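Listed here are the chains, written in short residue letters.
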Amino acid sequence: MQTDVSLIEALKKAPALITQLVNIRKDRGLMLQTAQIRAARALLGGNQDDLAKAAKVSIATIRRIEGQEGPVMGYVSTLMSIQSAFEQAGIRFLDNDAGGGIGVRLSTPKT
């Protein structure tokens, strides 16, 4: 069986690159917060089960994440699935900036 050496090398570098991206977001105050997850779900009028289904993660994962305070912690792939589900539903996450704190906004859903 022949393997693609460049793909293997890229996969070896992926964890370091993900860590680097997370650290950049953290340094800039761009980490998704658990309060934003709860607020986004409330804006959409959904429950934890709805979010779990939309993000294709377990309800236990949603409960664990929403039960925390501060930055959302978990696997990057899980966090990306949750964020993507919200964004597809029209949620925009607002980062902490000079104009105010973190938040969420409901806009027109992507089609």
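Everything quoted here is computed from the prediction, not taken from an experiment.

Asks: Could you give me a rundown of the pattern of salt bridges, with the residues and numbers involved?
Replies: Per the stated rule, a full pass over the model turns up 3 salt bridges. A salt bridge links R38 to E69; the nearest nitrogen and oxygen atoms lie 3.6 Å apart. Taken together, the residues R38 in helix 2 (residues 34-44) and E69 in the loop between helix 4 (59-66) and helix 5 (76-88) connect sequence positions 31 residues apart.

Asks: Could you give an account of the nonpolar core, naming the residues involved and the relevant values?
Replies: Of all hydrophobic cores here, the largest spans 17 residues; its most connected members are I37, I82, F86 and F93. Only helix 2, helix 3 (48-55), helix 4, helix 5 and strand 1 (91-94) provide two or more residues apiece to this core. Here this core takes 4 residues from helix 5, the largest share from any one element. Other than its neighbours up to four places away in sequence, F93 contacts L32, Q36, A40, Q83, F86, E87, G103 and V104.

Asks: Which residues make up the environment of E69, and what values do they have?
Replies: On the accessibility criterion, E69 (63% relative accessible area) is exposed. Residues E69 and Q33, spaced 36 residues apart in sequence, show a C-alpha to C-alpha distance of 7.6 Å. Dropping the residues within four chain positions of it, E69 is found in contact with T34 and R38.

Asks: An account of unusual backbone geometry is needed here, citing residue identities and associated values.
Replies: Even without being glycine, K56 reaches a positive phi, approximately 60°. K56 gets classed as exposed once you look at its relative accessible area, which sits at 76%.

Calculation rules
Residues numbered from 1 in each chain as written. Predicted model: local features only at pLDDT ≥ 70, side-chain atom pairs only at ≥ 80, totals over all residues. Heavy atoms only, no water. Salt bridge = Lys/Arg side-chain N within 4 Å of Asp/Glu carboxyl O. Helix = DSSP H or I, 4+ residues; strand = E, 2+ residues; numbered from the N terminus. Core = buried A, V, L, I, M, F, W, Y, C linked by side-chain atoms within 4.5 Å. Buried < 20%, exposed > 50% of the residue type's maximum accessible area, 1.4 Å probe, protein only. Contact = heavy atoms within 4.5 Å.

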